[in-house]
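A structural walkthrough
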Amino acid sequence: MRKLLALLPILVAVLFISCSAGPSGDSSLADEPVILDGPLDIDEIIPESSDDRTTVSRPIIVEDGSQPVILTGLECGKLYTIYTGRAGNAKAMASTGEDITINDLGEGTYAFILPEGVTEIEFKASEIGIGSGGEFRIGAVAAPRIDFTDGSKGMTIGQGATDPIFINQDGSEEYEAFYRIDMAAVENPENVVVTAITSNTGSASMSHWFRFIDESGAEIEGINGNAVIDLSGYDTVYLYANLIVRSSANDDARFHVYFRNPVLIGDKTVKLEPSQTYLIDPAPASLLAVENDGGGLGAFANSLNARYAGSGKHFSNVFPVRITDSRIEINIPEHSEPIMFDYSGRELSARLEPVPAGFAIESMGKGERTFSVSEGTAIFPVIFTVSSPGGTITLESVGGSGRLGLRHESGNGYATETLGPGQPYTVADSRYLEYFFFRNDAGEECSFTLTVQ
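Read on for a plain summary of the structure. (Residues numbered from 1 in each chain as written. Predicted model: local features only at pLDDT ≥ 70, side-chain atom pairs only at ≥ 80, totals over all residues. Heavy atoms only, no water.)

If you walk through the whole model with that rule in mind, you get 4 cavities of 30 Å³ or more. Quantified by volume, the largest cavity comes out at close to 70 Å³. Ser 303, His 314, Val 318, Glu 434 and Tyr 435 are the residues nearest the centre of the largest cavity, which is lined by 15 residues in total. Among the elements of the structure, strand S34 (401-408), strand S35 (414-419) and strand S37 (431-439) are those that each provide at least two residues to the lining of the largest cavity. Examining the composition of the lining of the largest cavity, we find that 3 residues originate from one element, S35, more than from any other. What lines the second largest cavity is Gly 296, Leu 297, Gly 298, Ala 299, Phe 300, Ile 328, Tyr 343, Gly 345, Arg 346 and Leu 348. (1 Å grid on protein atoms, 1.4 Å probe; cavity = no way out; pocket = protein on both sides within 12 Å on 5 of 7 lines; lining within 4 Å. Points joined across faces, edges and corners; volume = space filled by probe spheres on them. Helix = DSSP H or I, 4+ residues; strand = E, 2+ residues; numbered from the N terminus.)

Below, the structure written as structure tokens:
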């Protein structure tokens, strides 16, 4: 049998999906905890499971981390989830004596599927990261058949799109979905990418991730979802997507996941389209010239998640360096292997152009430096040469603000932050300063000072 993996052509069929839903049972009992003092019958802790959505139990309180957790009344072949908020080293044993794998999906979420003839499992609370006084929940994942005929629309979870599966004690909302995707026809299956994008209006704090899962509920090893994926020779995959919303000003924080072939950008004009990933072959230092229809920076104000196509590692200093009424110019440093980036803005034409003679971007390390901005300059870019993580950065200016780009020391993470005048920003010990661009929306002659400590 061939291995199971992921796919998505322009036309696909999604055969398995679990939409997020609230806790099951009477609403008056929705948050009343269950004390773990013996076997847990799944029909008692999830009395009203659903055929078309994931149903989650009330909190289960563990008095002693060494307590055995015995789940009875389970269905073989059905996908179940466990939510703890803590990492553990999970393993379980069936009543028949055979080992059952409880698969770690990340961030304290686990999944398991029972083999034929097994309806009961046992494991220790401590094996799923639960100590004395802790709690967990069980989820019964539904598997309705849904025909998903427009792959370009992707898959979305989050506020206003799906219901949370439950709300944590700290008030954060947890969303998830499982998708089973069967491949019928894929164009260039060896060259597929995942485009994962969050959206919100106003401020929001959230974390999100996705995993490729096989039919046993285990994460498929060896797949780098942040790089180009080779799908040739594979049939089917479960895709698990998770979103935790901690705060959202307008209650519209969402996580969108797409599967597509990347689009190559060169010296020929292409159309940038929302929720697409673009590939740039090895090239000397260049500018990505994008038409500007008067709408400002738009999606380019945030990180484009530029990364190496082969490894998925972060590729630094891809950010806007110049804007006029007719175009936006994005810095593309020299690279000897293909890179790619995600785009979530409106449709705009773009092409790759050589860096013009005399063009340079200012740079600075630790210390204080003042930059003069000439009249008509809307953004002023600076690249940091600081060689150590952490620190503090402060902007001083009369009006104006800027965007700060940061990269994670692991080479995988990135972030963008707004930097206002007189408000020191503390850089996390795991992050490096990468770039900054000053916003001079009025276009008047001015100056600004950066202090890096």
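That covers the picture; the talk isn't over yet.
Let us look at the pairing of strand S26 (residues 320-323). The sheet contact formed by S26 and strand S27 (residues 327-332) spans 3 bridges and is antiparallel. Across the sheet, residue Pro 320 finds its bridge partner in S27, namely Ile 330. Linking two consecutive strands that pair antiparallel, namely S26 and S27, is a turn of 3 residues. (Pairing = 2+ DSSP bridges.)

Now for the sheet that holds strand S25 (residues 307-308). The strand order across the open sheet built from 4 strands is S21-S23-S28-S25, with neighbouring strands paired in mixed fashion. If you trace the sheet from one side to the other, it starts and ends with strand S21 (263-264) and S25, each paired once. Pairing of S21 with strand S23 (residues 276-280) involves 2 bridges; the strand directions are parallel. Its bridge partner being in S23, Val 263 is matched across the sheet by Tyr 278.

On to the pattern of salt bridges. Enumeration according to the criterion identifies 7 salt bridges in this entry. Arg 327 is the salt-bridge partner of Glu 329, the closest N and O atoms lying 2.9 Å from each other. Exposure remark for Glu 329: the relative accessible area of 6% places this residue in the buried category. Among the salt bridges present, the one from Glu 417 reaches Arg 431, with a minimum N-O distance of 3.9 Å. (Salt bridge = Lys/Arg side-chain N within 4 Å of Asp/Glu carboxyl O. Buried < 20%, exposed > 50% of the residue type's maximum accessible area, 1.4 Å probe, protein only.)

Ring pairs (aromatic) are described by centroid distance and by the angle formed between their planes. As enumerated under the stated definition, the model contains 12 aromatic pairs in all. Here the aromatic rings of Tyr 83 and Phe 166 are separated by 5.1 Å at their centres, their planes lie at 70°, and the arrangement is edge-to-face. Taken together, the positions of Tyr 83 in strand S7 (residues 79-83) and Phe 166 in strand S15 (residues 166-167) put the pair 83 residues apart, joining distant regions of the chain. Here the two residues Tyr 83 and Phe 166 agree in accessibility, since each one is buried. When the ring of Phe 300 is compared with that of Tyr 343, the centres are 5.5 Å apart and the planes differ by 40°; the resulting orientation is tilted. Taken together, the residues span a long stretch of sequence, with Phe 300 in the loop between strand S24 (286-291) and S25 and Tyr 343 in strand S28 (residues 339-343) at a distance of 43 residues. Judged by relative accessible area, which is 1%, Tyr 343 ranks as buried. Here the aromatic residues Phe 371, Phe 380, Phe 436, Phe 438 and Phe 448 are joined through ring pairs into a cluster of three or more. Over the aromatic face of Tyr 432 sits the side chain of Arg 407, whose NZ or CZ is 4.3 Å from the ring centroid. (Phe/Tyr/Trp six-rings, centres within 6.5 Å; stacked < 30°, edge-to-face > 60°. Lys NZ or Arg CZ within 6 Å of the ring centre and 35° of its normal.)

Next up on the list: the layout of surface pockets. Put simply, the largest pocket is a space of about 1800 Å³. Lining the largest pocket we find 45 residues, and of these Ala 196, Thr 198, Met 206, His 208 and Tyr 414 sit closest to its centre. When residues of the lining of the largest pocket are traced back to their parent elements, those giving at least two are strand S17 (193-199), strand S18 (204-213), S28, S34 and S35. When residues in the lining of the largest pocket are grouped by element, the largest group, 9 residues, is from S18. Looking at the lining of the largest pocket residue by residue, the classes come out as 15 nonpolar, 23 polar and 7 charged. (Nonpolar A, V, L, I, M, F, W, Y, C, P; charged D, E, K, R; others polar.)

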